[in-house]
Amino acid sequence: MIGLISATAAGAAARDRLAAAWPERTRVYEGPAGEAVRAAFAECDRLVCFLATGATVRLLAPLLGDKAADPGVVCVDEGGRFAVSLVGGHGGGANELAYEVAELLGAEPVVTTATDAVGLAGLDTLGLPVEGAVAAVSRALLDGEPVALEAESAWQLPPVPFAEQGAYTVRLTDRDVQPGPQEVLLRPPSLVVGVGASKGAPVEEVLGLIEETLREAGLSVRSVAELATVDAKSEEPGIVAAAESLGVPLVTYPADELAAVAVPNPSEAPLAAVGTPSVAEAAALVGGGELLVPKRKSAATPAMATCAVVRRPGRGRLAVVGLGPGARDLLTPRAAAELRRASVLVGLDQYVDQIRDLIRPGTRVLESGLGAEEERARTAVAEARAGHAVALIGSGDAGVYAMASPALAEASDDIDVVGVPGVTAALAAGAVLGAPLGHDHVSISLSDLHTPWEVIERRVRAAAEADIVVTFYNPRSRGRDWQLPKALAVLAEHREPGTPVGVVRNASRPDESVRLTTLAGLDPVTVDMMTVVTVGNTATRNIAGRMVTPRGYRWQHAPEGAR
């Protein structure tokens, strides 16, 4: 919950804007500022104070304890010009909140954390438990000193400029080891503990067994991702309390699903009790992975708990990102966030150039030229399968004549896939032209490099006969100069010569050009691969120099008295 505190009418107005925008995330604290800050500090995980920074510092000072536990605090000035990350930038989430608040209020975010100031991912912001010399290793990264990454297993990490070797080390491990003096340990959530228990098994026995098993196996309790058991034990108090004590979710599975899992130590007892020959081993293994510790029983007599430990491999992530038509303000915030998150970026060289300033230090960039689409798709999927967070970029929307299709044809269910929509060229051109896509419309690529012309022509003819507005992608190149005239001729069989046609080149870019002509007046020679051509239907009109296709509601054509 985000606590909101203000002391003046102007501050209250900005406070109320946040409260209205985030009703489920915020709580307004009324009354004197000191009392409000103290109450919010005790009850919320983050605060936004619409107060002077000096006043906020004085109010916070006696409340501050441990930076790992204190809430993050953002301070917004009286004029709503700045959102300052004041306390708990990383651990408390104040840096992220400052950006969110600034975007909503139209303010400037002020983040002074050293790593954020230079675009580096802080070691305590990687989403993993961290131990060791965080400050010293972070300082080494900031100073450009070589910091080596020793990853004992593949796991998604944001971009960090690691070196092959260095005096400083970041080690990714789920083993129970102590960090060296110039070392940081990152704990991936790679361990699944399967648990079985008799009815009424005390939490001390369940939790003690888990902790002893991990300790003897040399595994870190901080890398436990979940406890797993059979559905019949989903409310067993000892298991539920053990999961709560470890701070991990309890995941349960149907008995028949566990019964289908091959395990080394099946038993008749759980089969008779809950319908599966294995609970602990099967529940740990159901999602795949390496069985590190086979089933073992607690030391009590009689033993009332069992557990087994599995290491699951990290799953890679492929984000297919649409960059929009070219203008930076048409790049969506979600796309920008994926570019910051990716440790590997794959794309066409000219598209990489468009967003190179957004790429964080440490991002590995794999770029190639025109014609290498399938190679880029295979590369992106392979990098994701290796456990990386990958962004595969394309212009417009990556799912429209771009990289999503070839990439997803290569991908299987062994990686996570995220699609990030973008503003398409057709939409960008339509907005410049007016409202040509106001009713049914279709996009057709005239490139016959991958699609036979006979298929393309059949689609153009179908759109012409159906009286649908058509947007042509890839209309004309030096080596393909006859397809556009042919397509226009097909449309002319069904539409008047005066049908409006919009021609937009480099939509949204600095050298954008726009022409509104007609089906008879369009000269194909003036069109190239950077151009989008939109041909209206029989209802499309040129109104005040704008291309408009009516929505066609019946009331528009009904007699006056029938409306």
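For the structure, check the block above.
Model, not experiment: these values are computed from the prediction.

1. Points about the overall build of the protein chain
Right, so step 1: In terms of regular secondary structure, the protein chain is built from 18 helices and 28 strands.
Right, so step 2: Considered along the principal axes of its C-alpha atoms, the protein chain spans approximately 90 × 65 × 65 Å.
Right, so step 3: By the burial criterion, 46% of the 563 residues in the protein chain qualify as buried.
Right, so step 4: Restricting the contact set of the protein chain to residue pairs at least 6 apart, pairs at least 24 apart contribute 63%.
Right, so step 5: Of the roughly 26300 Å² of accessible surface on the protein chain, 52% is carried by carbon and sulfur atoms.
Right, so step 6: With 50 positive and 69 negative side-chain charges, the protein chain shows a spacing of 4 Å between the two charge centroids.

2. A look at unusual backbone geometry
Right, so step 1: Residues Thr301 and Pro302 are joined by a peptide bond in cis, for which omega reads -5 degrees.
Right, so step 2: Within the secondary structure, Pro302 is located in the loop between β14 (290-297) and β15 (305-311).
Right, so step 3: The phi torsion at Asn506 lies on the positive side, around 55 degrees, for a residue other than glycine.
Right, so step 4: Here Asn506 lies in the loop between β24 (500-505) and β25 (513-518).

3. Here we look at helix α17 (residues 453-465)
Right, so step 1: In a regular helix each residue adds 1.5 Å, so 13 residues correspond to 18 Å; α17 covers 18 Å between its end C-alpha atoms and thus fits that length.
Right, so step 2: Within the sequence span of α17, burial applies to Trp453, Val455, Ile456, Glu457, Val460, Ala463 and Ala464.
Right, so step 3: Each element contacted by the buried residues of α17 is listed here: β22 (441-445), β23 (469-473) and α18 (483-492).
Right, so step 4: Note on α17: the residue one or two positions beyond its end, Asp467, has a positive phi of about 60 degrees.

4. Here we look at the environment of Ala539
Right, so step 1: Following the sequence through the fold, Ala539 ends up in the loop between β26 (531-535) and β27 (541-543).
Right, so step 2: For Ala539, a relative accessible area of 30% translates into the label partly exposed.
Right, so step 3: For the pair Ala539 and Thr549, spaced 10 residues apart in sequence, the C-alpha separation works out to 6.1 Å.
Right, so step 4: Not counting residues up to four positions away in its chain, the partners in contact with Ala539 are Val548 and Pro550.

5. A look at the sheet that holds strand β11 (residues 191-197)
In a beta sheet, neighbouring strands are held together by backbone hydrogen bonds and run either parallel or antiparallel to one another.
Right, so step 1: Strand order in this open sheet of five strands is β13-β12-β11-β15-β14, and the pairing throughout is mixed. Only two strands of the sheet have a single partner each, and these edge strands are β13 (250-253) and β14. Strand-to-strand twist across the sheet, computed as the mean angle between neighbouring axes with direction ignored, equals 25 degrees.
Right, so step 2: Taken together, the four bridges between β11 and strand β12 (residues 224-230) define a ladder with parallel strand orientation. Across the sheet, the residue bridging to Gly194 is Ala228, located in β12.
Right, so step 3: Most of the contacts of helix α7 (residues 203-216) go to β15, to which it runs at about 40 degrees, and overall it touches β11, β12, β14 and β15.
Right, so step 4: Sheet strands touched by helix α8 (residues 237-246): β11, β12 and β13. Its angle to β12, the strand with the most contacts, is close to 175 degrees.

6. Focus: the pattern of salt bridges
Close approach of charged atoms allows side chains of opposite charge to pair.
Right, so step 1: Counted by the stated rule, this structure contains 28 salt bridges.
Right, so step 2: Of the charged contacts in the structure, one is a salt bridge between Glu493 and Arg461, with a shortest N-O distance of 2.8 Å. Taken as a pair, Glu493 in the loop between α18 and β24 and Arg461 in helix α17 lie far apart in primary sequence, 32 residues in all.
Right, so step 3: We classify Glu493 as exposed; its relative accessible area is 51%.
Right, so step 4: Residue classification places Arg461 among the partly exposed residues on the basis of a relative accessible area of 26%.

7. Description of the pairing of β22
Right, so step 1: For β22 and β23, the ladder comprises five bridges, and the chain directions are parallel. Across the sheet, residue His441 finds its bridge partner in β23, namely Val469.
Right, so step 2: A crossover connection joins β22 to the parallel β23 through α17; in handedness this β-α-β unit is right-handed.

8. Quick word on the nonpolar core
Right, so step 1: Val193, Val206, Ile210 and Leu227 are the most contacted members of the largest nonpolar core, which totals 22 residues.
Right, so step 2: Elements with a contribution of two residues or more to this core: β11, α7, β12, α8 and β15.
Right, so step 3: Considering every element that reaches this core, the biggest residue donor is α7, with five residues.
Right, so step 4: Once residues lying within four places of it in the same chain are set aside, the contact partners of Leu227 are Val193, Val195, Ile210, Ile239, Ala242, Ala243, Leu246, Val248, Pro249, Leu250 and Val251.
Right, so step 5: One finds Val460, Ala463, Leu519 and Val527 within the second-largest nonpolar core, a separate group that totals 21 residues.

9. So, the packing of α7 against α8
Right, so step 1: Where α7 contacts α8, the axes come no closer than 8 Å and their chain directions differ by 50 degrees. Accordingly, the angle class assigned to the pair α7 and α8 is oblique. The element α7 and its partner α8 pack so that their crossing is right-handed. Across from Val203, Val206, Leu207 and Ile210 in α7, the residues of α8 making contact are Gly238, Ile239, Ala241, Ala242, Ser245 and Leu246.
Right, so step 2: Grouping the constituent residues of the contact of α7 with α8 by class yields eight nonpolar, two polar and no charged.

10. Describing the packing of α17 against α18
Right, so step 1: Look at α17 against α18: their axes get within 9 Å of each other, and the N-to-C directions meet at 30 degrees. Taken together, the axes of α17 and α18 are roughly parallel relative to one another. When the axes of α17 and α18 are compared, the crossing they make is right-handed. Each of Trp453, Glu457, Val460, Arg461 and Ala464 in α17 lies in contact with α18, whose residues at this interface are Gln483, Lys486, Ala487, Val490 and Leu491.
Right, so step 2: Looking at the contact of α17 with α18, its residues break down into six nonpolar, one polar and three charged.

11. Concerning the sheet that holds strand β21 (residues 434-435)
Right, so step 1: The three strands lie next to each other as β21-β28-β27, forming an open sheet whose pairing is mixed. With partners counted over all chains shown, the strands left at the sheet margins are β21 and β27, one partner each.
Right, so step 2: Note that β21 and strand β28 (residues 546-548) share two bridges and pair parallel. Counterpart to Gly434 in the pairing with β28 is Met547.

Parameters and conventions
Residues numbered from 1 in each chain as written. Predicted model: local features only at pLDDT ≥ 70, side-chain atom pairs only at ≥ 80, totals over all residues. Heavy atoms only, no water. Helix = DSSP H or I, 4+ residues; strand = E, 2+ residues; numbered from the N terminus. Buried < 20%, exposed > 50% of the residue type's maximum accessible area, 1.4 Å probe, protein only. Contact = heavy atoms within 4.5 Å. Areas by Shrake-Rupley, 256 points an atom, 1.4 Å probe, with all protein chains shown as cover. Lys, Arg positive; Asp, Glu negative; His and termini not counted. Charge placed at Lys NZ, Arg CZ, Asp CG, Glu CD. Expected span 1.5 Å × (residues − 1). Pairing = 2+ DSSP bridges. Axes fitted to C-alpha atoms, helices over the stretch in contact; angles between N-to-C directions. Salt bridge = Lys/Arg side-chain N within 4 Å of Asp/Glu carboxyl O. Right-handed = clockwise from strand over helix to strand, strands pointing away. Core = buried A, V, L, I, M, F, W, Y, C linked by side-chain atoms within 4.5 Å. Parallel < 35°, antiparallel > 145°, perpendicular 65-115°, else oblique. Left-handed = near helix turned anticlockwise from the far one by under 90°. Nonpolar A, V, L, I, M, F, W, Y, C, P; charged D, E, K, R; others polar.

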